[in-house]
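# Coordinates in review
Residue-level listing of the chains:
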Amino acid sequence: ILSVMLVACGTSNETSQGNESASNGEANGDVLTIRAGIGLNSEHPQYKGLEKFKELVEERSGGQMVVETYHSGQLGDDRLMMEALQLGSQEVTVPSTAPVANFVSEFSVFDFPFLFPSSDVADEVLDGDVGQALLQKLEEQNLVGLAFWENGFRNVTNSKRPIETLEDFNGLTLRTMENDLHLEAFRALGANPTPMAFTELFTAMQQGTVDGQENPYATIYLEGYAEVQNHVSNTNHIYSPFVFMMSKPFFDGLTEEQQEIVREAALEAGQYQRELNREANETYLSSLEEAGMTYTEISEVERMRMIEAVEPVIDKYAEQIGTDIVQAVYDAIEAAQ
Ligand code: TK8
């Protein structure tokens, strides 16, 4: 326990004076620094949410906890930041569930294609028992899951052609997140997927290493993808939650009161972030068209064909993840509607 506390303090008190002792802020008045890093840029609701978290934590701790925010992968990509949390060399990050599944495989259930019918249903499931049970599982990986935030419904863009039918995916080189379920789902649709960290994506599109990618409209617009992509379709194929997580070595070194402050702040900032994010995803499709992208709508018939194409992949992962968890998610979705 002592070594864990030393790790927590040694890495989190860089800006404070006199942190030789292994105790936390309550005992000696030291300021605890929380370094919070994300992948998206400072215009994105993900960052606005982080700023809200900072405001709440600093206010409620009376300045005893200070939050430093980093955007645009300044501290690394999702995987690297999660590893830093495990080691205690970074305190907070907010990755998509897809890379989280490389740490706790059950998280892939939330990335099943065409799973959530709406953001509201997603909220109920994620904030309900099964979502909270999965957050708990992060502790096995030295991570503390504090809340679900929202990345949102993902849509495909590319530089080659409008995607209107299932066949239009054929042979397209698409960057996917580093997650096997995503990879296999895009193969099942006929695309040629290649996994890559988000931080490398813009350059890959610019240099033509990949034809396209998939992300919510807010990301597509705010990251400037209209500069390097011509076509966007409302595939809405996967809903991406964000997971707000904290380093367990750091969290365990906090007092109960401090733990409560960060937990509440993560949840409240998350409510705020979800609202902003939904507005952004609604607004930015027309911005993409104004920026010169061609928008193509997927008909219900074609969406059904896409759903059928990925069904075997879902079945395979349902079995791997465990039918009890998957059934609990399906039941929660049913109950939320
Ligand atoms: C940001 C990522 C990103 C995700 C992706 O760190 O990798 O495409 O959608 O937004 O989590």
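Residues numbered from 1 in each chain as written. Predicted model: local features only at pLDDT ≥ 70, side-chain atom pairs only at ≥ 80, totals over all residues. Heavy atoms only, no water.

### Considerations on helix 14 (residues 323–336)
- Look at helix 14: 20 Å from first C-alpha to last across 14 residues, which is about the 20 Å you get at 1.5 Å a residue.
- Residues of helix 14 that are buried: Ile325, Val326, Val329, Ile333 and Ala336. Around the axis of helix 14, the buried residues are gathered within 100° of arc, so they sit on the same side. Along helix 14, the residues that are exposed and aim more than 90 degrees away from the buried face are Thr323, Asp324, Glu334 and Ala335.
- Those residues of helix 14 that are buried lie in contact with helix 6 (119–127), helix 7 (129–137) and helix 13 (300–321). (Helix = DSSP H or I, 4+ residues; strand = E, 2+ residues; numbered from the N terminus. Expected span 1.5 Å × (residues − 1). Buried < 20%, exposed > 50% of the residue type's maximum accessible area, 1.4 Å probe, protein only. Arc of directions from axis to C-beta. Contact = heavy atoms within 4.5 Å.)

### Looking at the sheet that holds strand 10 (residues 239–247)
- Reading across from one edge, 2-1-3-10-4 is the order of the five strands in this open sheet, with mixed pairing throughout. Each edge of the open sheet carries a strand with a single partner, namely strand 2 (65–70) and strand 4 (143–153).
- Where strand 3 (residues 92–93) lies against strand 10, two bridges are found, and the strand directions are antiparallel. Paired with threonine 93 across the two strands is methionine 245, which belongs to strand 10.
- Those strands touched by helix 3 (residues 45–60) are strand 1 (32–37), strand 2, strand 3, strand 4 and strand 10, and its axis lies near 170° from that of strand 2.
- In the packing of helix 12 (residues 256–290) onto the sheet, the strands contacted are strand 1, strand 2, strand 4 and strand 10, and the crossing angle to strand 4 comes to about 5°. (Pairing = 2+ DSSP bridges. Axes fitted to C-alpha atoms, helices over the stretch in contact; angles between N-to-C directions.)

### Notes on the side chain of serine 119
- Relative to the elements of secondary structure, serine 119 occurs in helix 6.
- Not counting residues up to four positions away in its chain, the partners in contact with serine 119 are Glu150, Phe153, Tyr239 and Arg278.

### Regarding the pairing of strand 4
- Burial within strand 4 is extensive, with eleven of its eleven residues counted as buried.
- Of the strand pairs in this sheet, strand 4 and strand 10 are connected by nine bridges, and their pairing is antiparallel. Pairing of glutamate 150 across the sheet is with proline 241, part of strand 10.

### Brief notes about the domain arrangement of the protein chain
- Looking at the protein chain, the domain boundaries give domain 1 (2–104 + 118–150 + 241–281) and domain 2 (155–238 + 283–336).
- Relative to domain 2, the C-alpha centre of domain 1 lies at a distance of 27 Å.
- For the pair domain 1 and domain 2, the summed buried area comes to about 1700 Å², and 62% of that belongs to carbon and sulfur atoms.
- The largest share of the area that domain 1 buries against domain 2 comes from Ala98, Val130 and Asn281, three residues that together contribute 26% of it.
- Linking domain 1 to domain 2 there are zero salt bridges.
- Summed over the shared surface of domain 1 and domain 2, the result is ten residue pairs in polar contact (both at pLDDT 80 or more).
- Of all the secondary structure elements, the ones that give two or more residues to the side of domain 1 that touches domain 2 are helix 5 (97–100), helix 6, helix 7 and helix 12. (Domains from an automatic or database assignment. Buried area = accessible area lost by both parts, 1.4 Å probe. Salt bridge = Lys/Arg side-chain N within 4 Å of Asp/Glu carboxyl O. Polar contact = N/O pair within 3.5 Å; in protein donor to acceptor, adjacent residues only side chain to side chain.)

### Focus on the environment of asparagine 215
- Note on placement: asparagine 215 falls in strand 8 (residues 212–215).
- We classify asparagine 215 as buried; its relative accessible area is 4%.
- For the pair asparagine 215 and glutamate 308, spaced 93 residues apart in sequence, the C-alpha separation works out to 21 Å.
- Apart from the residues within four sequence positions on either side, asparagine 215 is in contact with Asn151, Phe153, Arg154, Asn155, Arg175, Phe198, Leu201 and Ile220.
- Side chain to side chain, asparagine 215 and glutamine 213 meet in a polar contact 2.9 Å long.

### Some details on the pairing of strand 1
- The buried fraction of strand 1 amounts to six of the six residues, a majority that puts the element mostly inside the structure.
- Both faces of strand 1 are covered, namely the face carrying Leu32, Ile34 and Ala36 and the face carrying Thr33, Arg35 and Gly37.
- In the sheet, strand 1 pairs with strand 2 via six bridges, with the strands oriented parallel. Along strand 2, the bridge assignment pairs arginine 35 with glutamate 68.
- Each parallel crossover has a hand, and the one from strand 1 via helix 3 to strand 2 is right-handed.
- Note: strand 1 against strand 3, two bridges, orientation parallel. Residue pairing for strand 3: glycine 37 is matched across the bridge by threonine 93. (Right-handed = clockwise from strand over helix to strand, strands pointing away.)

### Digging into the packing of aromatic side chains
- Across all of its chains, the model carries eleven aromatic pairs by this definition.
- The interplanar angle of 75° and the centroid separation of 6.3 Å between the aromatic rings of phenylalanine 107 and phenylalanine 110 together place this pair among those described as edge-to-face.
- Accessibility expressed as a relative area gives 0% for phenylalanine 110, which makes it buried.
- Plain terms: the ring middles of phenylalanine 107 and phenylalanine 148 are 6.5 Å apart, the flat faces sit at 45° to each other, and that makes the pair tilted. With phenylalanine 107 in the loop between helix 5 and helix 6 and phenylalanine 148 in strand 4, this residue pair connects regions lying 41 residues apart in the sequence. The same class applies to phenylalanine 107 as to phenylalanine 148, namely buried. (Phe/Tyr/Trp six-rings, centres within 6.5 Å; stacked < 30°, edge-to-face > 60°.)

### Thoughts on the packing of helix 6 against helix 14
- With their axes 9 Å apart at the nearest point, helix 6 and helix 14 run at an angle of 130° to one another. Taken together, the axes of helix 6 and helix 14 are oblique relative to one another. The chirality of how helix 6 crosses helix 14 is right-handed. Facing helix 6, whose interface residues are Val121, Glu124 and Val125, helix 14 presents Val329, Ala332, Ile333 and Ala336. (Parallel < 35°, antiparallel > 145°, perpendicular 65-115°, else oblique. Left-handed = near helix turned anticlockwise from the far one by under 90°.)

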